[in-house]
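Chain by chain, the residues run as shown.
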Amino acid sequence: MPPAKKIQRGDIIRITYEIVRKEGMGDINARRVAKELACSTQPIYHNFDTMEDLKNEVIQEIYRTYVSYMTKGAEEVRSYLGMGMAYIRFARDYPNFFKTLFMTESGMSPVDFIQNDDMANHVIREGQLFSGLTREQQKAFHLKVWVFTHGIAALTATNTVTFTDHEIENLLTSATKEMLIGFKHIHKQEDE
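Cut-offs used in this document
Residues numbered from 1 in each chain as written. Predicted model: local features only at pLDDT ≥ 70, side-chain atom pairs only at ≥ 80, totals over all residues. Heavy atoms only, no water. Helix = DSSP H or I, 4+ residues; strand = E, 2+ residues; numbered from the N terminus. Rg over C-alpha atoms; globule rule 2.2 N^0.38 Å. Contact = heavy atoms within 4.5 Å. Areas by Shrake-Rupley, 256 points an atom, 1.4 Å probe, with all protein chains shown as cover. Lys, Arg positive; Asp, Glu negative; His and termini not counted. Charge placed at Lys NZ, Arg CZ, Asp CG, Glu CD. Buried < 20%, exposed > 50% of the residue type's maximum accessible area, 1.4 Å probe, protein only. Phe/Tyr/Trp six-rings, centres within 6.5 Å; stacked < 30°, edge-to-face > 60°. Salt bridge = Lys/Arg side-chain N within 4 Å of Asp/Glu carboxyl O. Axes fitted to C-alpha atoms, helices over the stretch in contact; angles between N-to-C directions. Parallel < 35°, antiparallel > 145°, perpendicular 65-115°, else oblique. Nonpolar A, V, L, I, M, F, W, Y, C, P; charged D, E, K, R; others polar.

S.K.: Give me the overall build of the chain: which residues, what numbers.
M.R.: Helix and strand content of the chain: 10 helices and 0 strands. Overall, the chain shows an N-to-C arrangement of helices and strands of α-α-α-α-α-α-α-α-α-α. For 192 residues, the compact-globule estimate of 2.2 N^0.38 gives 16 Å, and the chain exceeds it by more than 25% at 20 Å. On the principal axes, the C-alpha backbone points of the chain span a range of 85 × 30 × 30 Å. Pairs at least 24 apart in sequence give 65% of the contacts found in the chain among residues at least 6 apart. When the accessible area of the chain is evaluated, it comes to approximately 11300 Å², of which 53% is carbon and sulfur surface. Taking the 23 positively charged and 26 negatively charged side chains of the chain as two groups, their mean positions are separated by 5 Å.

Quick look at the structure:
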């Protein structure tokens, strides 16, 4: 009898990542993963104490994919816009990953939610360069920009509507400029 195929931890993560990419996180269980690996559930539980441990590893892989998009967006000439575009492109290219990271119950406040992301400090810094606001002002302003950007991303991830990159760029550019004018006007009045 040939030796049993050794299923590695990385293989399990990779297969689960692909299942989530195609189908979403909702139906991930040991049997589903084992079926894709053509093995029993034993190798899964040999490598992971629980399915939650496996899901958490996969979420970390998904997050790395997201960070690669955001990093590429940050390298654009207008990096604040580039990161907004990257967020929406991630939603378009990986809708199930986007839903896993950004459309599941978190129990966080909006401020905590956007600042929970490791990219947040970079986004805030780049936003300051765009807006000329203080760090605290930029954090408050960015919350508004993020809600708008997230709305476009959610519409894209759910195929509710289809936008071209040009349409998205125009929406983000004009809305952000308009919000910034209003934000500065309100804060100028408060300072008087």
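S.K.: So what about the environment of Leu 133? Which residues, and what values?
M.R.: Topologically, Leu 133 is positioned in the loop between α8 (120-131) and α9 (135-157). A sequence separation of 47 residues divides Leu 133 from Leu 180, and the C-alpha atoms of the two residues are 9.5 Å apart.

S.K.: Account for unusual backbone geometry, naming residues and giving values.
M.R.: You will see that Ala 38, though not glycine, has its phi angle at about 55°, which is positive. Along the chain, the position of Ala 38 falls in the loop between α2 (30-37) and α3 (42-47). In this structure Ala 38 comes out as exposed when scored by relative accessible area, which is 68%.

S.K.: For the packing of aromatic side chains, give the residues involved together with the corresponding values.
M.R.: Scanning the entire structure with this criterion turns up 14 aromatic pairs. An angle of 20° between the planes, with centres 5.7 Å apart, marks the rings of Tyr 80 and Phe 130 as stacked. Here Phe 130 lies in helix α8 and Tyr 80 lies in helix α5 (residues 79-93), a separation of 50 residues in the sequence. The buried category is assigned to Tyr 80, whose relative accessible area is 10%. Ring centres 5.3 Å apart and planes at 80° place the aromatic pair Tyr 87 and Phe 98 in the edge-to-face group. Of the two residues, Tyr 87 is situated in helix α5 and Phe 98 in helix α6 (residues 95-102); the sequence distance between them amounts to 11 residues. Residue classification places Phe 98 among the buried residues on the basis of a relative accessible area of 0%.

S.K.: Can you lay out the pattern of salt bridges for me, pointing to particular residues and giving the numbers?
M.R.: Summed over the entire model, instances satisfying the criterion amount to 12 salt bridges. Residue Glu 61 is joined to Arg 64 by a salt bridge in which the shortest nitrogen-to-oxygen separation is 2.5 Å. Remark: Arg 64 and Glu 61 occur in helix α4 (residues 51-74); sequence separation between them is 3 residues, near one turn of the helix. Residues Asp 165 and Arg 92 are paired through a salt bridge, measuring 2.8 Å at the closest nitrogen-oxygen approach. Residue Asp 165 is found in helix α10 (residues 165-191), and its partner Arg 92 is found in helix α5; the two are separated by 73 residues along the sequence.

S.K.: Break down the packing of α4 against α6 for me, with residues and values.
M.R.: The interhelical angle for the contact between α4 and α6, taken along N-to-C directions, is 110°, at an axis separation of 10 Å. When the axes of α4 and α6 are compared, the pair comes out roughly perpendicular. Of the residues in α6, those touching α4 at Ile 59, Ile 62, Tyr 63 and Tyr 66 are Phe 97, Thr 100, Leu 101 and Phe 102. Its residues assigned to classes, the contact of α4 with α6 shows 7 nonpolar, 1 polar and no charged.

Structural measurements only, silent on function.
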